[in-house]
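So the chains spell out like this:
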Amino acid sequence: AGGGPLLPDSVLYEIFLYLDHVDVLSVGLVCQQWHAVARDEFLWKELFYRYYRISREVPRHPAAVSWYDEFQRLYDTIPCVEVQALKEHNDQVLHLSFSHSGCLFASCSKDCTVKIWSNELDISLQHSSNMRPYNWSYTQFSQFNADDSLLLVSGVFVGPHNSSSGEIAVISMENFTLLSRVRNKPYDVFGCWLNETNLISGNLHRIGRITSCSVLWLNNAFQGIESENVNVVKRLFKIQNLNASTIRTVMVADCSRYDSPDLLLDYEEQLAASSTSTCPVFDLGSDSEEEEAKPKQTLEPAVQELPDDGGVRAEDGLQQLFDDIMEGRVRPAMTETELETKVAELFVRNRTKPPELNLLSTDSNSKTKYLIFTTGCLTYSPHQIGIKRILPHQMTTAGPVLGEERRSDEFFDSLDHVIDIHGHIIGMGLSPDHRYLYVNSRAWPRDCIISDPMQPPPIAEEIDLHVFDLKTMKEVKRALRAHRAYTPNEECFFIFLDVSRDFVASGAEDRHGYIWDRHYNICLAKLQHDNVVNSVAFSPVEQELLLTASDDTTIKVWRSPRVVRIQQARKPRPRKLLFSWLMNQKS
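Residues numbered from 1 in each chain as written. Predicted model: local features only at pLDDT ≥ 70, side-chain atom pairs only at ≥ 80, totals over all residues. Heavy atoms only, no water.

**Things to note about the overall build of the protein chain**
Within the protein chain, the regular secondary structure consists of 10 helices and 30 strands. Out of the 587 residues in the protein chain, the part that is buried amounts to 53%. When contacts within the protein chain are restricted to residue pairs at least 6 apart in sequence, those whose partners lie at least 24 apart make up 61%. Carbon and sulfur atoms make up 50% of the accessible area of the protein chain, which totals about 28000 Å². (Helix = DSSP H or I, 4+ residues; strand = E, 2+ residues; numbered from the N terminus. Buried < 20%, exposed > 50% of the residue type's maximum accessible area, 1.4 Å probe, protein only. Contact = heavy atoms within 4.5 Å. Areas by Shrake-Rupley, 256 points an atom, 1.4 Å probe, with all protein chains shown as cover.)

This is how it looks when you write it as structure tokens:
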């Protein structure tokens, strides 16, 4: 056991055929030498690599005891058995979120309700809040705060003249009362908690046709506080947007947890427990190793360098541009869009606070957090991930409403780091330890050129699921693939993904949810619905429980084969009950 000659391919092939049709765990009932086989590590290693078609360069999961246990884990602990379908919503279900304790979860829907569910053996509806009385069109996102006492609900708000914007509501979990409401623009900023009592919202100010300014606000959840000495809001950041881009999909990562991750995804780091290389901007549009070896320029729209300025101040550069236009020296002639972008770039150069230094050397014991969001610099479709450090003194609404002191010429905040995706971002999610960022995107054609920001490139039907290490700011695995989407750029919508300790799951437009193993980078299961799957959510305390939400108006509950067997074993068997009844009748 544990060694010996390599098994012939014909023998392995017969085993695979058998395993494809018979429960792996029931083989012992028919195999006389099962105990010997189960202990043969050499056999199970061969089975594992061939059955899952994994490269032999990939090591065994660092927490695995044996190859047999690993085979059993991937076969038996994937939440792929449908055990319940929840049909209380009467329109498309858009989002799911668990409480940190795993006892509750919330669902948002086009029916304009947010529903709170009790996560027991048989899941049941506990409460439903209708947001139509507050002029909402629908609810789209929810998130429990750290101690599960409050629920943030984000929705689309119908304003004057049927204009659409966003709004965030805070609901108490003690008695389900509405505590406060905060405007949120654009609505796909969604919003998120920064800590137990403060949440982040957005606002958008138009400067020109394709130029704008995004302001991110910190809001106290208890807006009813009435005191001239206590602020309920404070401005966090003010960031310029170029070429019709805006900040969307904000989330917060806790940096203090990076040095104790649940699972290291870099195989060399697993062995050496060290990582030294860093990358300022990771451009996924490059397929050349030589190109990737070259230093990348940071694509921060607010601070990017202008060519051949000869050290000229921004004000002088702006005046020179106007003089050149008036005297006809600009060749070829600029379009109105190009002119607006050029002027905005020149205007912002010396009016932006510099980025935070040493972003990658965050003290592991620090309370520093990262604000992560989608953004862009070339077109309106989100194609970049912006990262901004939130310092401890910024995590409260105390102090000036307009934020920390700044020089009069520091009008905007710069981004501390930018990751370019080279495609339309349609989903993001953090690993439970906040070390890794998973990103759903639909790629642009290679070497495409964007000449008009209002006409982004066509996007691929295949969805790429990228993985970034937030400690090193680099991509750590090849993109996961299997799921697909079909809507074009202008109709593209967010598909929410979720990450557990060992798995990552995502919805898709192909009427399926998908589950991958984080360590081996393989797709393990497809979960069927009758329409688009918009959102997935693992239980934070039990990764063998997964929820999926779909346009078919249902929420499906999935458990692993192992858990299903355990639950079935606990149920009384009808035969025994019938036998007892018959015996009683005879007596």
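Now that the structure has been shown, the text picks up again.
**Topic: the sheet that holds strand β22 (residues 463-469)**
As summarised here, the arrangement of the 4 strands in space is β20-β21-β22-β23, forming an open sheet in which the pairing is antiparallel. Each edge of the sheet is formed by a strand with only one pairing partner; in this case those strands are β20 (423-430) and β23 (474-480). Averaged over all pairs of adjacent strands, the angle between their axes in this sheet comes to 25°, without regard to strand direction. One ladder, built from 7 bridges, connects strand β21 (residues 436-443) with β22; its direction is antiparallel. Paired with Y436 across the strands is D469, a residue of β22. (Pairing = 2+ DSSP bridges. Axes fitted to C-alpha atoms, helices over the stretch in contact; angles between N-to-C directions.)

**Points about the sheet that holds strand β29 (residues 542-550)**
Spatially, the 4 strands line up as an open sheet ordered β1-β30-β29-β28, and their pairing is antiparallel. Every other strand in the sheet has two partners, leaving β1 (81-86) and β28 (533-539) as the edge strands with one partner each. The mean inter-strand angle of the sheet, taken between neighbouring strand axes irrespective of direction, is 25°. The sheet contact formed by β29 and strand β30 (residues 555-559) spans 5 bridges and is antiparallel. Bridge pairing in β30 links L547 to V557.

**Focus: the UniProt feature "repeat: WD" (unreviewed entry) in the protein chain**
The UniProt feature table records "repeat: WD" (unreviewed entry) at residues 86-118 and 526-558. What you have in residues 86-118 is 0% helix and 58% strand, and the ends, taken at the C-alpha atoms, are 12 Å apart. (UniProt positions renumbered as here; feature names shortened; annotations may be inferred.)

**Points about the packing of helix α3 (residues 41-51) against helix α4 (residues 67-76)**
Here α3 crosses α4 at 35°, and the two axes come no closer than 8 Å. Along the contact surface, α3 presents E41, W44, K45, L47, F48, Y49 and Y51, while α4 presents W67, Y68, E70, F71 and L74.

**Examining the packing of aromatic side chains**
Using the criterion set out here, one finds 20 aromatic pairs in the structure. Consider the rings of W44 and F71, whose centres lie 5.1 Å apart with planes at 70°: the pair is edge-to-face. Taken together, the residues W44 in helix α3 and F71 in helix α4 connect sequence positions 27 residues apart. This pair shows no difference in class: W44 is buried, exactly as F71 is. (Phe/Tyr/Trp six-rings, centres within 6.5 Å; stacked < 30°, edge-to-face > 60°.)

**A short note on the pairing of strand β6 (residues 136-144)**
In terms of residue burial, β6 counts as a mostly covered element, since 7 of its 9 residues are buried. When β6 meets strand β7 (residues 150-158), the two strands line up antiparallel, connected through 7 bridges. Considered in β7, the bridge of F144 is made with L151. Between β6 and β7, which follow one another and run antiparallel, lie 5 residues, and D148 among them has a positive phi close to 60°.

**Points about α3**
Here α3 has its buried residues at L43, W44, E46, L47, F48 and Y49. A positive phi of about 55° marks R53, the residue just after α3.

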